[in-house]
Amino acid sequence: MRIRVADLDPQGVQVALDAGAAWAREAVEGALDGPVLALDGLLTVRPVGPGVVAQGHARASVERSCDRCLAAVRLDLGGEVDLYFQPSPPVAVEREVALLPDDLDLGFLEDGELDLGAVVAEFFLLEAPAVLRCGEGSVARLEEGTCTPPAAAPPADQEPDPRFAALKAFKSR
Ligand SMILES: [Zn+2]
């Protein structure tokens, strides 16, 4: 979903997020890398100077797998959205960015348009944890059992995996 910045009223436009909106669902799936279980939120997009801000809130749940035990888990993320998007004259960008506070989350408009899918994706990318483990923070286990790694490593005297041999040959080239 795209918004032409030139068409925006000063008070902006409100956009609801839900799992029924294909653009929003796809943005979340792309950012969080799993099927969407739930999605809701409300964003207000309004012009600020030459750019726009997207503010409001968003929440999403996606299904992933635990990085430790590989069990299915639900990742719940959400919070306040406050993102700024500015026009992107490629040459001026570096200089302008240097003048902005380090912690400001910043994106760019494309041909005077804001891609709302990119807004949603950026928000959830910023929220996502680097590692997913059962029961940690926003990660809930979806199946019975405990978080233990699936299989023990093969004994040291076993034949090495032929794929590693191939990798070794590749590396020594
Ligand atoms: Zn686990």
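Below, the structure is looked at part by part. (Residues numbered from 1 in each chain as written. Predicted model: local features only at pLDDT ≥ 70, side-chain atom pairs only at ≥ 80, totals over all residues.)

**Some thoughts on the overall build of the protein chain**
Here comes step 1: Summing up its helical and strand segments, the protein chain has four helices and eight strands in all.
Here comes step 2: What you see in the protein chain, going N to C, is helices and strands ordered as β-β-α-β-β-β-α-β-β-α-β-α.
Here comes step 3: Within the protein chain, contacts between residues separated by at least 24 positions form 63% of all contacts whose residues are at least 6 apart in sequence. (Helix = DSSP H or I, 4+ residues; strand = E, 2+ residues; numbered from the N terminus. Contact = placed C-beta atoms within 7 Å.)

**Considering the pairing of strand 5 (residues 72–86)**
Here comes step 1: Across 14 bridges, strand 4 (residues 51–65) lies against strand 5 in antiparallel orientation. Bridge assignment links Ser61 to a residue of strand 5, and that residue is Asp76.
Here comes step 2: Taking the residues between adjacent antiparallel strands as the criterion, strand 4 and strand 5 are bridged by six residues, where Leu70 takes a positive phi near 70 degrees.
Here comes step 3: Both strand 5 and strand 8 (residues 139–141) contribute to a ladder of three bridges, which runs antiparallel. Bridging from a neighbouring strand, Leu75 pairs with Val139 of strand 8. (Pairing = 2+ DSSP bridges.)

**Considerations on the environment of Leu126**
Here comes step 1: Its location among the elements puts Leu126 in helix 3 (residues 116–127).
Here comes step 2: Sequence spacing of Leu126 and Ala31 is 95 residues, and the spatial spacing of their C-alpha atoms is 9.3 Å.

**So, the nonpolar core**
Here comes step 1: Among the nonpolar cores identified, the biggest contains 34 residues, and Val28, Leu43, Ala60, Leu114, Val119, Val120 and Phe124 are the most heavily contacted of them.
Here comes step 2: Elements with a contribution of two residues or more to this core: strand 2 (13–18), helix 1 (22–32), strand 3 (36–48), strand 4, strand 5 and helix 3.
Here comes step 3: Among residues more than four places away in sequence, those in contact with Phe124 are Val28, Ala31, Leu32, Ala60 and Leu77. (Core = buried A, V, L, I, M, F, W, Y, C linked by C-beta atoms within 7 Å. Buried ≥ 20, exposed ≤ 12 C-beta atoms within 10 Å, placed from the backbone.)

**Overview of the pairing of strand 4**
Here comes step 1: Sheet analysis places strand 3 next to strand 4, joined by 12 bridges and oriented antiparallel. Across the sheet, the residue bridging to Val45 is Ala54, located in strand 4.
Here comes step 2: Between strand 3 and strand 4, which pair antiparallel in sequence order, lie two residues; one of them, Gly49, sits at a positive phi of approximately 55 degrees.

Scope: geometric values only; no functional claims are made or implied.
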